[in-house]
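One-letter residues, chain by chain:
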Amino acid sequence: LDDIFDVLDKEIDIRLAQYAGLRQIFEKCFRFLRAMARGNAVVQARLFDQMDRLLTVRGVEAALADALTEVFTGNQEMCLKIRSYQVQRIVDLLALHQRDASEFLDLLKAVVKVEELDLPLKRNQVFVMTNINQNRAKLAWIIEKDAAEK
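What you see is a predicted model; the values in this text were computed from it and never measured. (Residues numbered from 1 in each chain as written. Predicted model: local features only at pLDDT ≥ 70, side-chain atom pairs only at ≥ 80, totals over all residues. Heavy atoms only, no water.)

Q: Explanation requested: the packing of helix α7 (residues 84-97) against helix α9 (residues 122-134) in the structure shown.
A: Relative placement of two packed helices is described by the angle separating their axes and the distance separating the axes. One can describe the packing of α7 onto α9 by two numbers: an axis separation of 9 Å at closest approach and a directional angle of 45 degrees. Taken as axis vectors, α7 and α9 run oblique relative to one another. When you trace α7 past α9, the crossing you get is right-handed. Residues Ser84, Val87, Gln88 and Val91 of α7 lie in contact with α9, whose contacting residues are Phe127, Val128, Asn131 and Ile132. Per-class residue counts for the contact of α7 with α9 are five nonpolar, three polar and no charged. (Axes fitted to C-alpha atoms, helices over the stretch in contact; angles between N-to-C directions. Helix = DSSP H or I, 4+ residues; strand = E, 2+ residues; numbered from the N terminus. Parallel < 35°, antiparallel > 145°, perpendicular 65-115°, else oblique. Left-handed = near helix turned anticlockwise from the far one by under 90°. Contact = heavy atoms within 4.5 Å. Nonpolar A, V, L, I, M, F, W, Y, C, P; charged D, E, K, R; others polar.)

Q: Before we go on, may I ask you to explain the side chain of glutamine 86 in this structure?
A: Relative to the assigned elements, glutamine 86 resides in helix α7. Among the polar contacts listed, one links the side chain of glutamine 86 to the backbone nitrogen of arginine 83, at a separation of 2.8 Å. Discounting residues that sit within four places of it in the chain, glutamine 86 has contacts with Phe48, Met51, Asp52, Leu55 and Lys81. (Polar contact = N/O pair within 3.5 Å; in protein donor to acceptor, adjacent residues only side chain to side chain.)

Q: Where do I start with α7 in this structure?
A: Taking 1.5 Å of rise per residue, the 14 residues of α7 would be expected to cover 20 Å, and the 20 Å separating its terminal C-alpha atoms lies within 8% of that figure. Listed in full, the buried residues belonging to α7 are Gln86, Val87, Ile90, Val91, Leu93, Leu94 and Ala95. Once α7 finishes, glutamine 98 follows within two positions and takes phi at roughly 40 degrees, a positive value. (Expected span 1.5 Å × (residues − 1). Buried < 20%, exposed > 50% of the residue type's maximum accessible area, 1.4 Å probe, protein only.)

Q: Help me understand helix α5 (residues 61-72), please; the structure alone is not making it clear to me.
A: Because an α-helix packs 3.6 residues into every turn, residues spaced three or four apart end up facing the same way. Along its 12 residues, α5 runs 17 Å from first to last C-alpha, staying within 8% of the 16 Å computed at 1.5 Å per residue. Most of α5 sits inside the fold, with 10 of its 12 residues counted as buried. When α5 is considered as a whole, its buried residues turn out to be Glu61, Ala63, Leu64, Ala65, Ala67, Leu68, Thr69, Glu70, Val71 and Phe72. The secondary structure elements touched by the buried residues of α5 are α2 (20-37), α3 (41-49), α4 (51-54), α6 (76-81), α7 and α8 (103-112). With its phi angle positive at about 70 degrees, glycine 74 sits one or two positions after the end of α5.

Q: Help me understand the nonpolar core, please; the structure alone is not making it clear to me.
A: Across soluble globular proteins, nonpolar side chains show a tendency to be buried alongside one another. Grouped together as the largest cluster of nonpolar side chains are 45 residues, with contacts concentrated most on Leu8, Phe30, Phe72 and Phe104. The element contributing the most residues to this core is α5, with seven residues. When sequence neighbours within four positions are dropped, the list of residues in contact with phenylalanine 30 reads Leu8, Leu54, Val57, Val60, Ala63, Leu64 and Ala67. (Core = buried A, V, L, I, M, F, W, Y, C linked by side-chain atoms within 4.5 Å.)

Q: Explain the pattern of salt bridges here, please?
A: Pairs can form between side chains of opposite charge once their charged atoms are near each other. Considering all chains together, one arrives at nine salt bridges under this definition. Residues aspartate 9 and arginine 53 are paired through a salt bridge, measuring 2.5 Å at the closest nitrogen-oxygen approach. Highlighted residues: aspartate 9 in the loop between α1 (2-8) and α2 and arginine 53 in helix α4, separated in sequence by 44 residues. By relative accessible area, which is 26% here, arginine 53 ends up partly exposed. Three or more residues are tied together by salt bridges with common partners; here these are Arg34, Arg38, Asp66 and Glu70. (Salt bridge = Lys/Arg side-chain N within 4 Å of Asp/Glu carboxyl O.)

Q: What am I meant to see in the environment of lysine 10 here?
A: Residue placement: lysine 10 occurs in the loop between α1 and α2. Discounting residues that sit within four places of it in the chain, lysine 10 has contacts with Leu22 and Phe26.

Q: Would you mind going over the environment of valine 42 with me for this structure?
A: Assignment of secondary structure puts valine 42 in helix α3. Look at valine 42 and you get exposed, because its relative accessible area is 60%. Along the sequence, valine 42 and tyrosine 85 sit 43 residues apart, while their C-alpha atoms lie 23 Å from each other.

This is how it looks when you write it as structure tokens:
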């Protein structure tokens, strides 16, 4: 896993064509991490420990969100370890990338409720709602989407 984390530390400018191959490598790294984390508490813990580092990766935000979702899905321990600044960073990424990385919504959903246990986590719900309210203008599309679905 350390080698994958080292690869993901490389900075890329997704606007430049010369980084297209590296972007694909990043996406495959996150797909691999997601698969490794599914049902594997050891890998989930390692990913959680590297979360601050991973949240700085640019250009593959949807794949990043999918991989991190595996860390929290059904994992109450990891959900209780998340810090408010980490939730803020996730909401900031959602606000920045909006529909291009709506997978961050799934990540936030996994953080606020352990679905497998039907256990809502009030502390995390407060973190998420506080940060969504701070980014209300940029996240209005979520409210519009929710209203349209009803």
